[in-house]
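What follows is each chain in one-letter form.
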Amino acid sequence: MSVLEVAGPFKTWYREHTGLVWQTNYVDTVEAVENSDFDYVVLRTTWLYNDASKTAVDVTKKGEPFQDAQITREAVAKFASDLLTGKEDYHRESLGIGEPNTAWTKPSFY
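Quick caveat, the model's predicted, so the values are computed rather than measured.

What about the packing of aromatic side chains?
Now for step 1: Taken as a whole and assessed by the stated rule, the structure comprises seven aromatic pairs.
Now for step 2: Note on F10 and W13: the rings are 5.8 Å apart at their centroids and 20° apart in plane angle, and the pair reads as stacked. Of this pair, F10 and W13 both sit in helix α1 (residues 10–18), separated by three residues, roughly a single helical turn. W13 shares its class with F10; the two are buried.

Next up, the structure:
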């Protein structure tokens, strides 16, 4: 998740707790993939927690405001599986995924 994309009540807390993570080789690697001929999907998640009963996701595309404060590991795994099996159909995209209805000031577990 780009610090510039995070919006809403979560923005302040997010910036205080992510430090300099966006000044790493991760950004260079993603840019190399995006500039390649690969058929890729980059998943950018918000803060993770465990709850097998919660697998719904909000999807935002790169550059769109991202407000969700959390998402379950199970939801990320299900979404990734759905991409691989064709239940979700995204190609050459960088997607932000979060849990619906969690546009809060911070994750519920923090």
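Description of the pattern of salt bridges
Oppositely charged side chains are able to pair whenever their charged atoms sit close together.
Now for step 1: All told, the structure shown has four salt bridges when counted by the stated rule.
Now for step 2: Two residues, E34 and K62, come together in a salt bridge whose shortest N-O distance is 2.8 Å. Highlighted residues: E34 in helix α2 (residues 25–34) and K62 in the loop between β3 (58–61) and β4 (70–72), separated in sequence by 28 residues.
Now for step 3: Classification of E34 as buried rests on a relative accessible area of 15%.
Now for step 4: Of the charged contacts, one joins K78 and D82 as a salt bridge, the two residues approaching to 2.9 Å between their closest N and O atoms. You can see K78 and its partner D82 sitting in helix α3 (residues 73–85), four residues apart, about one turn around the helix.
Now for step 5: Of the residues examined, D82 reaches a relative accessible area of 10% and is grouped as buried.

Focus: the sheet that holds strand β1 (residues 41–45)
Now for step 1: The strand order across the open sheet formed by three strands is β1-β5-β3, and the pairing between neighbours is mixed. In this open sheet, the two edge strands, each paired with only one partner strand, are β1 and β3. In this sheet, adjacent strand axes meet at a mean angle of 30° when their direction is disregarded.
Now for step 2: Most of the contacts of α3 go to β1, to which it runs at about 170°, and overall it touches β1, β3 and β5 (93–98).

Cut-offs used in this document
- Residues take numbers from 1 onward in each chain, read along the sequence in its written order.
- With pLDDT at 70 or above as the cut-off, local features in this predicted model cover only qualifying residues; side-chain atom pairs require 80 or more to be listed or tallied, and sums for whole chains, interfaces and linings still use all residues.
- Where side-chain values are given, they derive from all heavy atoms of the structure, hydrogens and water being excluded.
- For Phe, Tyr and Trp, where Trp contributes only its six-membered ring, two rings pair if their centres lie within 6.5 Å, and the inter-plane angle classes them as stacked under 30 degrees, edge-to-face over 60, or tilted in between.
- Secondary structure elements are taken from DSSP: a helix is a run of H or I of four residues or more, a strand is a run of E of two residues or more, and numbering for both begins at the N terminus.
- Between buried and exposed lies partly exposed: a residue is buried under 20% and exposed over 50% of the maximum accessible area for its type, with that area taken using a 1.4 Å probe on protein chains only.
- Salt bridges, as used here, are contacts in which a Lys or Arg side-chain nitrogen is within 4 Å of a carboxyl oxygen on Asp or Glu.
- At least two DSSP bridges between two strands are needed for those strands to be called paired.
- Inter-axis angles, ranging from 0 to 180 degrees, are taken between N-to-C directions of lines fitted to C-alpha atoms, where helices are fitted over the stretch in contact.
- For this analysis, residues touch if any pair of their heavy atoms sits within 4.5 Å.

Nothing here speaks to function; it is all geometry.
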